[in-house]
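In case you want the letters, here they are:
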Amino acid sequence: MQFKNTLDFAKELDAEDKLSSYRDQFIFPQHEGENVIYFTGNSLGLQPKSAKKYVDEIMTDWANLAVEGHFYAEKPWWDYHERFSAKLAKVVGAKPAEVTVMNTLTVNLHLLMVSFYRPKGKRYKIICEEKAFPSDQYMISSQVRFHGYDPEGAIVEIKRHEGENNFRTEDILAKIKEVGEECALVLIGGVNYYTGQVLEMETITKAGHEIGAFVGWDLAHAAGNIELNLSEWNVDFAAWCSYKYMNSGPGNASGCFINEKYHNQKDIPRFEGWWGHSKERRFLMEPEFQPENGADAWQISNAPVLALAPYLASLEMFEEVGMPALIEKRNKIVAYLEFVLHEIDKEVDSTFEIITPAKQEERGTQLSVFLHGEGRELFNYLMKNGVITDWREPNVIRLAPVPFYCSFEDMFQFGQILKKGILEKSK
């Protein structure tokens, strides 16, 4: 398609957008009486209007039924989390029994490492990417120390080439092969939080298995954003937060994937609790743990239903729309944003360097833009003028036009505000 950087053209694209009606199902912060242009769904998704209804249902059941709500609420609390499995399985490319919802992301990665980081003898090293999201760095380092190893020797980081912003698949594969029998676990972010690069997860997973290591993925920036086929790729485990592209609310519950080949293994190490015990026998209060079938065996405590309610509200929309339709719009709106940036670049003295890969298969919703010749004052200008975006040092803004609620007109208007901010600064 031949794009145009005009308001009329952007409106034409919105008129053709099959998902445009979903924009009205979200609540936008306001700027001078108008919706903001919201680019930070990669940090916190907007609130679905239906979320309050789902929370209110539980509050009403709590008021009217008290403890009996566990069994007699319209959506009984004792199995509330089970409503997520089939719907989430479609989002991440898994079988329903391989998916569960519990805790929060880093907590779940720690719990999954109980099962999948089992250092023994010379096989004790963990391969991860350099400058991973800090929480992952802290988590991996603490796990290594917990097992009695020095992170300096036990953690192997995959490096970018000097002067390059993204990882090369061949470097990742070479590092996996080099570490070889010393590698116990490969654990990497599926989509890099800083650049938005999508890694070749299937290829990397296969390479990790070839050297006898477990392979897990942090999918914080991937779930609800890109096509995932965790079962088909034979991933061992994965976890993701729900408050970014999945719009569940701040700090909300995390999803987990555990490959079915590890289900019902009686000898698998795992931190266990009441909610992972057989559902049919849970209230018999037996001393011996009998695991639930599937990923639910990794559950520990009863589900925080008030927290899960907004997640379920959002997930219903994912069920209606489906990932293929979201990805189709994502590709188009990200391409249009890229076009607008290049057009504005021609009209100002500054230079925009998009450090996210240009190939469609190597990126999702996010474009990370290096603002050469600009500083944080431009970011501040955008924020004061109704554009909510994200700043990362030294001078990168991350733009994530989420297909559920961002419009093509947003992309055009952002370009105009960006241009005005640069021109005003240069006066």
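Everything numeric in this text was worked out from a predicted model, so none of it was measured.

(A) Highlighting the nonpolar core. Among the nonpolar cores identified, the biggest contains 109 residues, and Trp-217, Trp-240, Tyr-336, Leu-341, Phe-404 and Phe-414 are the most heavily contacted of them. Take this core: its biggest share by element is eleven residues, from helix α11 (residues 323-345). Residue assignment places this core across two domains, with domain 1 (7-47 + 322-426) and domain 2 (79-321) each supplying three or more. The contact partners of Tyr-336, leaving out residues within four places of it in the chain, are Phe-3, Lys-4, Asn-5, Thr-6, Phe-9, Ala-10, Leu-13, Phe-408, Met-411 and Phe-412. Listed in part, the 31 residues of the second largest apolar core include Met-102, Leu-112, Ile-155 and Ala-297.

(B) Looking closely at the UniProt feature "modified residue: N6-(pyridoxal phosphate)lysine" (unreviewed entry) in the protein. Within the UniProt annotation, "modified residue: N6-(pyridoxal phosphate)lysine" (unreviewed entry) is assigned to Lys-244. Discounting chain neighbours no more than four positions away, the residues touching Lys-244 are Gly-41, Asn-42, Ser-43, Leu-44, Gly-45, Ala-220 and His-221.

(C) Expanded view of the pattern of salt bridges. By the definition in use, this model includes 25 salt bridges. Between Lys-52 and Asp-56 there is a salt bridge; the shortest N-O distance is 2.8 Å. Placement of the pair is Lys-52 and Asp-56 together in helix α2 (residues 51-65), with a separation of four residues, close to one helical turn. Take Asp-56: its relative accessible area is 31%, and that puts it in the partly exposed class. In this structure, Glu-272 and Arg-270 form a salt bridge, with 3.2 Å as the shortest nitrogen-oxygen distance. Via salt bridges that share partners, Asp-79, Glu-82, Arg-83 and Lys-279 belong to a single interconnected network.

(D) Highlighting a nonpolar patch on the surface. Together, Phe-71, Tyr-72, Trp-274, Phe-283 and Met-285 make up a nonpolar patch on the protein surface, roughly 570 Å² of accessible area in all. By secondary structure assignment, the location of Phe-71 is in helix α3 (residues 69-72). Judged by relative accessible area, which is 36%, Phe-71 ranks as partly exposed.

(E) Region of interest: the domain arrangement of the protein. Domain parsing of the protein yields domain 1 (7-47 + 322-426) and domain 2 (79-321). Here the C-alpha centre of domain 2 lies 30 Å away from the C-alpha centre of domain 1. Roughly 2400 Å² is buried in total at the junction of domain 1 and domain 2, and carbon and sulfur atoms are behind 56% of that figure. Of all residues in domain 1, Met-323, Ile-355 and Phe-404 bury the most surface against domain 2, accounting for 21% of the area lost on that side. The interface formed by domain 1 and domain 2 includes zero salt bridges. Counting the contacts that link domain 1 with domain 2 gives 15 residue pairs in polar contact (both at pLDDT 80 or more). Among the elements of the structure, α11 and β17 (396-399) are those that each provide at least two residues to the side of domain 1 that touches domain 2. The dominant element in the side of domain 1 that touches domain 2, judged by the number of residues it contributes, is α11, at five residues.

(F) The arrangement of the sheet that holds strand β9 (residues 183-189) in detail. Across the sheet, which stays open at both edges, the seven strands sit in the order β6-β12-β11-β10-β9-β7-β8 with mixed pairing between neighbours. On the outer flanks of this sheet lie β6 (99-102) and β8 (155-158), each paired with one strand and no other. Averaged over all adjacent pairs, the angle separating strand axes in this sheet is 20°, with direction ignored. In the sheet, strand β11 (residues 237-240) pairs with strand β12 (residues 254-258) via four bridges, with the strands oriented antiparallel. Along β12, the bridge assignment pairs Ala-238 with Phe-257. Against the sheet, helix α9 (residues 201-210) contacts β9 and β10 (214-218), and its axis sits at roughly 150° relative to β10.

(G) Representation of the state of the cysteines within the structure. Counted under the stated rule, the structure contains zero disulfides. The thiol of Cys-241 is not disulfide-bonded; the next cysteine sulfur, from Cys-256, is found 12 Å away.

(H) Seen up close, the environment of Gly-294. One can find Gly-294 in the loop between β12 and α10 (305-321). Residue classification places Gly-294 among the buried residues on the basis of a relative accessible area of 4%. Separated by 85 residues in the primary sequence, Gly-294 and His-209 have C-alpha atoms spaced 22 Å apart. Those residues in contact with Gly-294 that sit more than four places away from it in its chain are Ala-97 and His-263.

(I) Region of the structure containing the side chain of Glu-374. Assignment of secondary structure puts Glu-374 in the loop between β14 (367-372) and α12 (376-384). Filtering out sequence-adjacent residues up to four positions away, Glu-374 remains in contact with Ser-350, Asn-395, Ile-422 and Lys-425.

(J) Helix α8 (residues 169-179), seen in detail. All of the buried residues in α8 are Thr-169, Ile-172, Ile-176 and Val-179. The arc that holds the buried residues of α8, viewed along the axis, is 105°, so those residues lie on one side. Within α8, the exposed residues directed more than 90 degrees away from the buried face are Lys-177 and Glu-178. Of the residues flanking the end of α8, it is Gly-180, one or two places downstream, whose phi is positive at about 50°.

(K) Quick look at the UniProt feature "binding site: pyridoxal 5'-phosphate" (unreviewed entry) in the protein. UniProt records the feature "binding site: pyridoxal 5'-phosphate" (unreviewed entry) for Leu-105, Thr-106, Phe-133, Pro-134, Ser-135, Asp-136, Asp-218, His-221, Tyr-243, Trp-274 and Asn-302 in the present numbering. A maximum C-alpha distance of 31.6 Å shows the annotated residues, which cover 198 residues in sequence, to be distributed over more than one spot. Mapped onto the fold, His-221 is located in the loop between β10 and β11. Mapped onto the elements, Tyr-243 comes out in the loop between β11 and β12. Residue contacts for Tyr-243: discarding those within four places in its chain leaves Ser-43, Leu-44, Gly-45, Ser-248, Gly-249, Pro-250, Gly-251 and Asn-252.

(L) Unusual backbone geometry, seen in detail. That bond from Glu-393 to Pro-394 is cis: its omega, 5°, falls within 30 degrees of zero. Position of Pro-394 relative to the elements: it lies in the loop between β16 (390-392) and β17. In this structure, Asn-264 takes a positive phi of about 65° despite not being glycine. Within the secondary structure, Asn-264 is located in the loop between β12 and α10.

Conventions used here
- Residues numbered from 1 in each chain as written.
- Predicted model: local features only at pLDDT ≥ 70, side-chain atom pairs only at ≥ 80, totals over all residues.
- Heavy atoms only, no water.
- Core = buried A, V, L, I, M, F, W, Y, C linked by side-chain atoms within 4.5 Å.
- Buried < 20%, exposed > 50% of the residue type's maximum accessible area, 1.4 Å probe, protein only.
- Helix = DSSP H or I, 4+ residues; strand = E, 2+ residues; numbered from the N terminus.
- Domains from an automatic or database assignment.
- Contact = heavy atoms within 4.5 Å.
- UniProt positions renumbered as here; feature names shortened; annotations may be inferred.
- Salt bridge = Lys/Arg side-chain N within 4 Å of Asp/Glu carboxyl O.
- Patch = residues over 30% accessible without salt bridge, like charges linked within 9 Å, V, L, I, M, F, W, Y side chains within 5 Å.
- Areas by Shrake-Rupley, 256 points an atom, 1.4 Å probe, with all protein chains shown as cover.
- Buried area = accessible area lost by both parts, 1.4 Å probe.
- Polar contact = N/O pair within 3.5 Å; in protein donor to acceptor, adjacent residues only side chain to side chain.
- Pairing = 2+ DSSP bridges.
- Axes fitted to C-alpha atoms, helices over the stretch in contact; angles between N-to-C directions.
- Disulfide = S-S within 2.5 Å.
- Arc of directions from axis to C-beta.

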